[in-house]
Amino acid sequence: MFNSLKVFRYESIDSTNNEAKRLLKAEKGDFLVIADEQTAGRGRQGKSFYSPKDTGIYMSLVKRRGEALADAVSATTAAAVAVCRAIEALSDKKPAIKWVNDIYLGSNKIGGILCESVNSGNNRDSAAVIIGIGLNLSTPSFPDDIPNAASLNAEIDKNDLIEKTVLELDRAVNNGYDNFINYYREHSMIIGKEINYTENSKTHRARALEIDSSGGLVIELDDGKIKTLRSGEITVREIKGE
């Protein structure tokens, strides 16, 4: 299925990212962790990812860092592009990316990315990035505390979509950063929109202008000042009305 890529499959696990960290202590090279269910699926900034059995893709790809995956920020950008390209290749759906790591279909979130940089030893070869991907394929309903969640609901074989996503991620990495940052910009759902962003527990209003060359979100504040937001500092949501 994945040529030489080693794959670990589980019926149920706490989190594929957590398992990837555990496996890193013994495994060499790249590998993939897949689960039918996560009991403690993780999202960014301490949030959880709802992962009921057999209704979604819950996977973590471990890649030894290369130039295009220098950190979790660039890996997140590449992974979002890979997921969207895979969906477009295997269905008629047109996903979009909500900066920095969420996959949307229309106004609803169908997936997210959680990337973590890890150094499991004292040498350069031990450095890796864990690319966690959660995608709702056919989840029929969601808890009340998960707003705007939906499923892809496309006639796609789950294994085919996983394999295509892995292939597209390799394509993004091997063809260089410019290859996937341009696609990322084209599929952004917030450029030109009014947004709120939260930084240091304070919420501010701004306008999203563009995605810069390293994946940062360039915004214009109410006072006209230009600022670039970076992953890990903020949360962003589109303002849908006054």
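The rules behind the values
- Residues numbered from 1 in each chain as written.
- Predicted model: local features only at pLDDT ≥ 70, side-chain atom pairs only at ≥ 80, totals over all residues.
- Heavy atoms only, no water.
- Helix = DSSP H or I, 4+ residues; strand = E, 2+ residues; numbered from the N terminus.
- Buried < 20%, exposed > 50% of the residue type's maximum accessible area, 1.4 Å probe, protein only.
- Contact = heavy atoms within 4.5 Å.
- Phe/Tyr/Trp six-rings, centres within 6.5 Å; stacked < 30°, edge-to-face > 60°.
- Lys NZ or Arg CZ within 6 Å of the ring centre and 35° of its normal.
- Polar contact = N/O pair within 3.5 Å; in protein donor to acceptor, adjacent residues only side chain to side chain.
- Core = buried A, V, L, I, M, F, W, Y, C linked by side-chain atoms within 4.5 Å.
- Salt bridge = Lys/Arg side-chain N within 4 Å of Asp/Glu carboxyl O.

S.K.: I'd like a description of the overall build of the protein, backed by residues and values.
M.R.: When helices and strands are tallied, the protein shows four helices and 12 strands. The buried share of the protein, taken over its 242 residues, is 50%. Counting contacts in the protein only where the partners sit at least 6 residues apart, residues at least 24 apart contribute 62% of the total.

S.K.: With reference to specific residues and values, describe the packing of aromatic side chains.
M.R.: On inspection of all chains with the given rule, the structure shows two aromatic pairs. Arranged with centres 5.7 Å apart and planes meeting at 80 degrees, the rings of Phe 8 and Phe 31 form a pair that is edge-to-face. You can see Phe 8 sitting in strand E1 (residues 6-10) and its partner Phe 31 sitting in strand E2 (residues 31-35), a full 23 residues away along the chain. In terms of burial, Phe 8 and Phe 31 fall into one category: buried. Sitting above the plane of the Tyr 183 ring, Arg 85 keeps its charged end 4.8 Å from the centroid.

S.K.: For the environment of Glu 37, give the residues involved together with the corresponding values.
M.R.: Residue placement: Glu 37 occurs in the loop between E2 and strand E3 (56-64). Counting along the chain gives 18 residues from Glu 37 to Thr 55, while the straight-line C-alpha distance between them is 8.3 Å. If near-sequence neighbours (up to four positions away) are discounted, Glu 37 is found in contact with Glu 11, Ser 12, Ile 13, Ser 51, Pro 52, Lys 53 and Tyr 58. For Glu 37, the side chain forms a polar contact with the side chain of Ser 12, separated by 2.9 Å.

S.K.: Help me get a handle on the nonpolar core, residues and values and all.
M.R.: If you look at the biggest cluster of nonpolar residues, it comprises 58 residues, and the most contacted ones within it are Trp 99, Ile 131, Leu 161, Tyr 184 and Leu 217. Per-element tally for this core: the top contributor is helix H2 (residues 72-90), with 10 residues. Residue contacts for Leu 217: discarding those within four places in its chain leaves Trp 99, Ile 190, Ile 191, Ile 195, Ala 208, Glu 210, Ile 211, Lys 227, Thr 228, Leu 229 and Val 236.

S.K.: Before we move on, could you go through the pattern of salt bridges and cite the residues and values that matter?
M.R.: For the structure shown, the criterion picks out 15 salt bridges. With a shortest N-O distance of 2.9 Å, Asp 14 and Arg 22 are connected by a salt bridge. When its relative accessible area of 25% is taken as the criterion, Asp 14 is described as partly exposed. A relative accessible area of 40% means that Arg 22 is categorised as partly exposed. Lys 63 serves as the salt-bridge partner of Asp 170, at 2.8 Å between the closest nitrogen and oxygen. Of this pair, Asp 170 sits in helix H3 (residues 158-174) while Lys 63 sits in strand E3, and the two are 107 residues apart along the sequence.

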